[in-house]
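One letter stands for each residue in the lines below.
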Amino acid sequence: MFEDIKKNFKVGTQEEIVDVDLAPVDSNRSIQIDQHGQVSEDQVLQRDFKSRHVSMMAIASAIGTGLIIGSGTAYQRGGPASLFLGYIFTGSILIVTLFCLGEMAAMCPMDKAFSGYCTRFCDKSLGFAAGWNYFFNYALTLASELSGVGLVIQYWRPDLNPGIFIAVFWVVCLAANWFNVKVYGEAEFWTACVKLITLAICFITCIVISAGGGPNHKTVGFQYWREEAFLEYLRPGSTGRFLGWWACVVQSVFAYAGCECIGVIFGEAPDPKKTVPKATRQVFLRICGVYVLGVFLLGIAVSPVSPLLAAGGHNASGSPFVIAMKTASIKVLPSFVNACLLFFVGGAANSDIYLGSRTLYGLARDGMAPKFYLQLNNNGVPYWGCVTTAAFGLLAFMSCTSGAATIFGYLTSAVSVFSLLTWLNILLSYLTFYNATIYQNIPKEDIPFRVWWQPYPAYYGIFFVVIITFFNGYNAFIPTFSYKQFLVSYIGVFVYLAMIFGYKLFYRTERVTRKTARLYNYVENVVSIDSALEKATV
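Residues numbered from 1 in each chain as written. Predicted model: local features only at pLDDT ≥ 70, side-chain atom pairs only at ≥ 80, totals over all residues. Heavy atoms only, no water.

## As for unusual backbone geometry
- The step from Gln454 to Pro455 runs through a cis peptide bond, and the omega angle for that step is 10°.
- Along the chain, Pro455 falls in the loop between α19 (418-439) and α20 (456-470).
- Not every positive phi belongs to a glycine, and Ser329 is a case in point at roughly 65°.
- Position of Ser329 relative to the elements: it lies in the loop between α15 (320-327) and α16 (333-365).
- Positive phi values are uncommon outside glycine, yet Arg508 reaches one of about 55°.
- If you trace the backbone, Arg508 turns up in the loop between α21 (483-507) and α22 (529-536). (Helix = DSSP H or I, 4+ residues; strand = E, 2+ residues; numbered from the N terminus.)

## Some details on α21
- Taking 1.5 Å of rise per residue, 25 residues should cover 36 Å, and α21 covers 34 Å from first to last C-alpha, within 8% of that figure.
- At Tyr490, α21 shows its largest bend, some 45°.
- Taken residue by residue, α21 has Val488, Ser489, Tyr490, Gly492, Val493, Tyr496, Met499, Ile500 and Tyr503 as its buried positions.
- Once α21 finishes, Arg508 follows within two positions and takes phi at roughly 55°, a positive value. (Expected span 1.5 Å × (residues − 1). Bend = angle between axes of the 7 residues up to and from the residue. Buried < 20%, exposed > 50% of the residue type's maximum accessible area, 1.4 Å probe, protein only.)

## With respect to a nonpolar patch on the surface
- Taken together, the side chains of Trp178, Phe179, Val183, Phe372, Trp384 and Val387 define a hydrophobic patch exposed on the protein surface, amounting to about 510 Å² of accessible area.
- Note on placement: Val183 falls in helix α9 (residues 181-210). (Patch = residues over 30% accessible without salt bridge, like charges linked within 9 Å, V, L, I, M, F, W, Y side chains within 5 Å. Areas by Shrake-Rupley, 256 points an atom, 1.4 Å probe, with all protein chains shown as cover. Salt bridge = Lys/Arg side-chain N within 4 Å of Asp/Glu carboxyl O.)

## So, the pattern of salt bridges
- Under the defined criterion, the tally for this structure stands at three salt bridges.
- Across the salt bridge formed by Arg450 and Glu103, the nearest N and O atoms sit 3.1 Å from each other. Within this pair, whereas Arg450 is found in the loop between α19 and α20, its partner Glu103 is found in helix α5 (residues 80-107), the two being separated by 347 residues in sequence.
- Assessed through its relative accessible area of 0%, Glu103 is described here as buried.
- With its nearest N and O atoms 2.7 Å apart, the salt bridge here joins Asp123 to Lys504. Placement of Asp123 in the loop between α6 (113-121) and α7 (124-153) and of Lys504 in helix α21 is noted, with a sequence separation of 381 residues between them.
- The exposure class assigned to Lys504 is partly exposed, which follows from its relative accessible area of 30%.

## Description of the side chain of Thr97
- Following the sequence through the fold, Thr97 ends up in helix α5.
- A residue is classified by how much of its surface remains accessible, and Thr97, at 0% relative accessible area, is buried.
- Among the polar contacts made by the side chain of Thr97, one reaches the main-chain carbonyl oxygen of Ile93 at a distance of 2.9 Å.
- Apart from residues no more than four positions distant in its own chain, Thr97 is found in contact with Trp423, Ile426 and Leu427. (Polar contact = N/O pair within 3.5 Å; in protein donor to acceptor, adjacent residues only side chain to side chain. Contact = heavy atoms within 4.5 Å.)

## Focus on the environment of Leu160
- Here Leu160 is to be found in the loop between α7 and α8 (163-178).
- The exposure class assigned to Leu160 is partly exposed, which follows from its relative accessible area of 26%.
- Put simply, Leu160 and Gly150 are 10 residues apart on the chain and 9.0 Å apart in space, counted from C-alpha to C-alpha.
- In this view, Leu160 contacts Gln154 and Phe165; residues no more than four positions away in its chain are not counted.

## Considerations on the environment of Thr119
- By the secondary structure assignment, Thr119 is in helix α6.
- The class for Thr119 is buried, based on a relative accessible area of 13%.
- Setting aside residues no more than four positions away along its own chain, Thr119 makes contact with Lys124, Gly127, Asp366, Met368 and Val512.

## Section: the confidence of the model for the protein
- Looking at the protein as a whole, the pLDDT averages 78, with 78% of positions reaching at least 70.
- Highest mean pLDDT in the protein belongs to α20 (95); lowest belongs to strand β2 (residues 18-21) (38).
- In this model, residues 1-42 is a region of pLDDT below 50 whose contacts with residues beyond four sequence positions or in other chains number 94 contacts.
- With pLDDT under 50 throughout, residues 522-538 is counted as low confidence; its partners more than four residues away or in other chains account for 25 contacts. (pLDDT = per-residue confidence, 0-100.)

## A short note on the nonpolar core
- Core analysis: the largest hydrophobic core is formed by 129 residues, its most contacted members being Ile68, Tyr256 and Tyr291.
- With 15 residues, α5 is the largest single contributor of residues to this core. (Core = buried A, V, L, I, M, F, W, Y, C linked by side-chain atoms within 4.5 Å.)

## With respect to the packing of α9 against α15
- The geometry of α9 relative to α15 is characterised by a closest axis approach of 10 Å and an angle of 40° between their N-to-C directions. Taken together, the axis directions place α9 and α15 in an arrangement best described as oblique. In this structure, α9 crosses over α15, and the sense of that crossing is left-handed. Taking contact as the criterion, the partners of Cys202, Phe203, Thr205, Cys206 and Ile209 in α9 are, on α15, Phe321, Ala324 and Met325. (Axes fitted to C-alpha atoms, helices over the stretch in contact; angles between N-to-C directions. Parallel < 35°, antiparallel > 145°, perpendicular 65-115°, else oblique. Left-handed = near helix turned anticlockwise from the far one by under 90°.)

## Thoughts on the packing of aromatic side chains
- Considering all chains together, one arrives at 40 aromatic pairs under this definition.
- Judged by centre distance (5.4 Å) and plane angle (65°), the rings of Phe121 and Phe433 are edge-to-face. Taken together, the positions of Phe121 in helix α6 and Phe433 in helix α19 put the pair 312 residues apart, joining distant regions of the chain.
- Their ring planes at 50° and their centres at 5.9 Å tell us that Phe481 and Phe486 sit as a pair that is tilted. (Phe/Tyr/Trp six-rings, centres within 6.5 Å; stacked < 30°, edge-to-face > 60°.)

## Quick look at the side chain of Asn472
- By secondary structure assignment, the location of Asn472 is in the loop between α20 and α21.
- Not counting residues within four places of it along the chain, the set of residues in contact with Asn472 comprises Val250, Phe254, Val417, Ser489 and Tyr490.

Below you can see the structure in the form of structure tokens.
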């Protein structure tokens, strides 16, 4: 028994808590010994995801309505070339961010979500802000996704109250998160399969339409790329074309939002040193093979000046892929795509509860949330976190009335910028992690995964994340200043900064440096393992 404990022994400096992970003996519990020799026992998350769960979620877990529906708004503002280049630009930033996260997660796996890395490699104040921002982001996004369920159903039955379907999906998503994480993994696996099949159908249909294979037999080719590659937006001339491209960049951020959720999944992934690098590399396939390819095919199938795009919508009628089908006189596929959107929206709502509950669990592990969020049910699930996150989903019933739906739209838009802030948190944490591996002379064989040319890609990511965040609300100033749009675009940044400085001033936290960063889950010659084991058995 003691040999199994030693293999999984984790200890910090004398000022930190010493963790002895008893995973081989009891995967649900860990012993904690502080510098005074006091012993406490906490439950830890189980690593019950299967390798295929992690691999599929890395590819398709975060693919939502942002691509299949939301891309239409950016497409009509910027045109095919602007949309294509905008997705490539933002995708390059996201790839850098996720690769940095993969490096940290492979060497230092933990089940504290993003806040754990911010606390461990940056500052407790940043960990506090990062964790709560991420929780509120997904708690409110849950309500938005559940509202989308009602809108999708109304595509066929506008006479029915959307509250009926909101309630049904709310119960189903909470139930899926209540059981062992394997159940959630299976649900995400098959939902991801449906997403990929749906996207494959949409992509192939766009190619057929462009080649003249639709019922109208009109060959499009690259006509829209030649005639309307860069559209003007808000301003005439080159300024307007730049703003059209920038509108595509901003929209692409929200389409990519959620891709970083794979970092939370890593906390319950088996054999992180092997699973994490593999899943991280597959993210590149998702970005290039799904998002970038998808917006490229849009440009050869539908005109960016189509009046159907201007009409917009929240169900299949607002999807540029469906509009391409309607323009080509295809009658069956629009309803099929709308049915598949239930998997997109329902799967996203399911993920929101999972991500919110694990974020609260991670905050509680670091003492930044009430301790009852550490409690796990018999299935190894932090049930209080699930209940709290699901409670925010009840806000979706606000969408049943038009006035409240407008207010709720402002609310959800305000927290969308938190995705950018999450990327920034990951990159800032990574810089200290990277510098610590160099300063502390960590052997290359102890670093399971490393990206080429670091730390320059990380600096690239930080610079452009800050730029996008700062100019995210450009349309609040053009053509005239709109205080409502300004608040929607920047209130998340103000709350984020207030939490950082408020926590730091109140608790007087210290910045983690490359010298003090704890890279290993065990540190020899700080506290004797045998001595710690003796304390653990007292």
